Amino acid sequence: MTRMKQHKIVLFGAGKIGRSFIGQLFSKGGYEVVFVDIFRPVIDELNRRKTYRVCIKSVNEEYLNITNVRGVYADDGDSVAHEVATANIVAVSVGMSGLAGIFTALAKGLLERYRIDPWLALDIIIAENMRNADEYFQDQLRKLLPSDYPFERLVGLVETSIGKMVPIMLEKDMEEDILQVFAEPYNTLILDKKGFKNPIPDISGLAPKENMKAWVDRKLFIHNLGHATAAYLGYLHNPGLLYMYEVLAVPEVLRSTRETMLESADILLKKYPGEFSYCDLQEHIEDLLMRFQNRALGDTVFRVGCDLKRKLGPDDRLAGAIRGAMEYDLPYQKILYALVCAFHFRATDETGKLLPEDAEFVNLYKKGFKSILESICRFDPVIDQMIFRQVREIENGLRDASMLLGKSSRP
């Protein structure tokens, strides 16, 4: 350890979660935080200032100055590998689209570390909202490492459940300060206790769990499902509402969102009977509904509901929950209703534009709801014919309601 820098975390991703959550926790815990990112202006500014600001949005606004930070360009492979080789711990928070670009540097760093000390393990915190993240990382890294590299002994892959909500930054806010980031007060990082090879860092905010799969599913099928449900039901109720606190101020949207989350909670109770109780999940749902209504956060319906091709994917928050309900022969009608409402989601960003992927979704939906169910949700028209029949009934009901209210039917 004499050549290893003590208390240093290398964090791939200097984005909103990286800065407001992971970077904040480890900086406050006494670590030097080295950000690795492809966006040069942020890296340059981190290296110039060595600090940045997190604005906590709540009833009382609070500012946190995060210190002892610097940055490295992601395309400087040798420097990134050296930082990884000499780190105490690594974290990854780049988003699904950025993951493919990090593995070469990670593998190179692991090999350099092995040359420095063949017995020194490295833990990698996977701060991504994805299921089976540890398996994915192992597959990708093993492809790039020699066959005789002792992977099981030297690499800890630590799954997480990222529950912190960070809104989209408006252009005016980024122009004011390229490094500042807004976030809610919630500051707990749930992570896999069994994934570590080294002792778990003793810093405030880390919440290690034994059965991590259960907690990843709780995030996806309670938090993500409930958030998306509120956005889709709220948009259908009134497309003119921009913020999450506005749609959840509508009593029927709040009630329906709660009922949908409780329907999904029943699935988790059946799947993980020893991990959660009904009371636990009910309290969690009420806490989330309060957090979703954080007016100061300014979270938009667009941010929460957009990216339909991913969020309606076969294993994601809505279709995945429906599959879980079918597996355990449990009700899923409220979840299915939220899924169909998502077919009609057309919220735009501050410039009035759809996400490009959502524009593709809209074009696919013009061919009929069956195209979405088959190609996006991956339901089988023969095996899952009941789903297709139920969706048709919901679609007809929405169309009739639109006609009664004098609304134009959405394409």
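Quick note: structure is the one above.
Quick look at the structure, then.

Thresholds applied
- Residues numbered from 1 in each chain as written.
- Predicted model: local features only at pLDDT ≥ 70, side-chain atom pairs only at ≥ 80, totals over all residues.
- Heavy atoms only, no water.
- Salt bridge = Lys/Arg side-chain N within 4 Å of Asp/Glu carboxyl O.
- Buried < 20%, exposed > 50% of the residue type's maximum accessible area, 1.4 Å probe, protein only.
- Helix = DSSP H or I, 4+ residues; strand = E, 2+ residues; numbered from the N terminus.
- Pairing = 2+ DSSP bridges.
- Polar contact = N/O pair within 3.5 Å; in protein donor to acceptor, adjacent residues only side chain to side chain.
- Axes fitted to C-alpha atoms, helices over the stretch in contact; angles between N-to-C directions.
- Contact = heavy atoms within 4.5 Å.
- Phe/Tyr/Trp six-rings, centres within 6.5 Å; stacked < 30°, edge-to-face > 60°.
- Core = buried A, V, L, I, M, F, W, Y, C linked by side-chain atoms within 4.5 Å.

All told, the structure shown has 25 salt bridges when counted by the stated rule. The network of salt bridges with common partners includes Lys8, Glu32, Arg70 and Glu83.

Another aspect to go through is the pairing of strand β6 (residues 89-92). Alternating residues of β6 divide into Ile89 and Ala91 and Val90 and Val92, and every residue in both groups is buried. Taken together, the 4 bridges between strand β1 (residues 8-12) and β6 define a ladder with parallel strand orientation. Its bridge partner lying in β6, Phe12 is registered against Val92. Looking at chain direction, β6 and strand β7 (residues 122-126) are connected through 4 bridges and run parallel. Counterpart to Val90 in the pairing with β7 is Ile124.

This next bit is on the environment of Thr257. Structurally, Thr257 can be placed in helix α10 (residues 251-271). C-alpha separation for the pair Thr257 and Leu225, spaced 32 residues apart in sequence, amounts to 9.1 Å. Polar side-chain contacts of Thr257 include one of 2.7 Å to the backbone oxygen of Val253.

So, on to the sheet that holds strand β3 (residues 51-56). With mixed pairing, the 3 strands of this open sheet are ordered in space as β4-β3-β9. At either end of the open sheet lies a strand with only one pairing partner, and these are β4 (62-67) and β9 (181-183). In this sheet, neighbouring strand axes are inclined to one another by 30° on average, regardless of whether the strands run parallel or antiparallel. Pairing between β3 and β4: 6 bridges, direction antiparallel. Residue pairing for β4: Cys55 is matched across the bridge by Tyr63. Its contacts with the sheet put helix α1 (residues 16-28) on β3, β4 and β9, and the angle it makes with β4 is roughly 70°.

What follows concerns the packing of aromatic side chains. Within this structure, the stated rule accounts for 12 aromatic pairs. When the ring of Phe26 is compared with that of Tyr31, the centres are 5.1 Å apart and the planes differ by 85°; the resulting orientation is edge-to-face. A relative accessible area of 9% places Tyr31 in the buried class. Summarising the aromatic geometry, the rings of Tyr136 and Phe137 are spaced 6.2 Å apart at their centres and angled 75° between planes, so their arrangement reads as edge-to-face. Grouping aromatic residues by their ring pairs yields a cluster made of Phe103, Tyr136 and Phe137.

Ranked by size, the top nonpolar core spans 75 residues in total, and within it Leu312, Leu339, Phe343, Leu373 and Phe379 carry the most contacts. By residue number, the principal contributor to this core is helix α8 (residues 212-237), which donates 15 residues. Excluding anything up to four places from it in sequence, Phe343 contacts Leu312, Phe361, Tyr365, Phe369, Ile372, Leu373, Val391 and Glu395. Ile9, Ile17, Leu25 and Val158 belong to the second-largest nonpolar core, a separate cluster that totals 35 residues.

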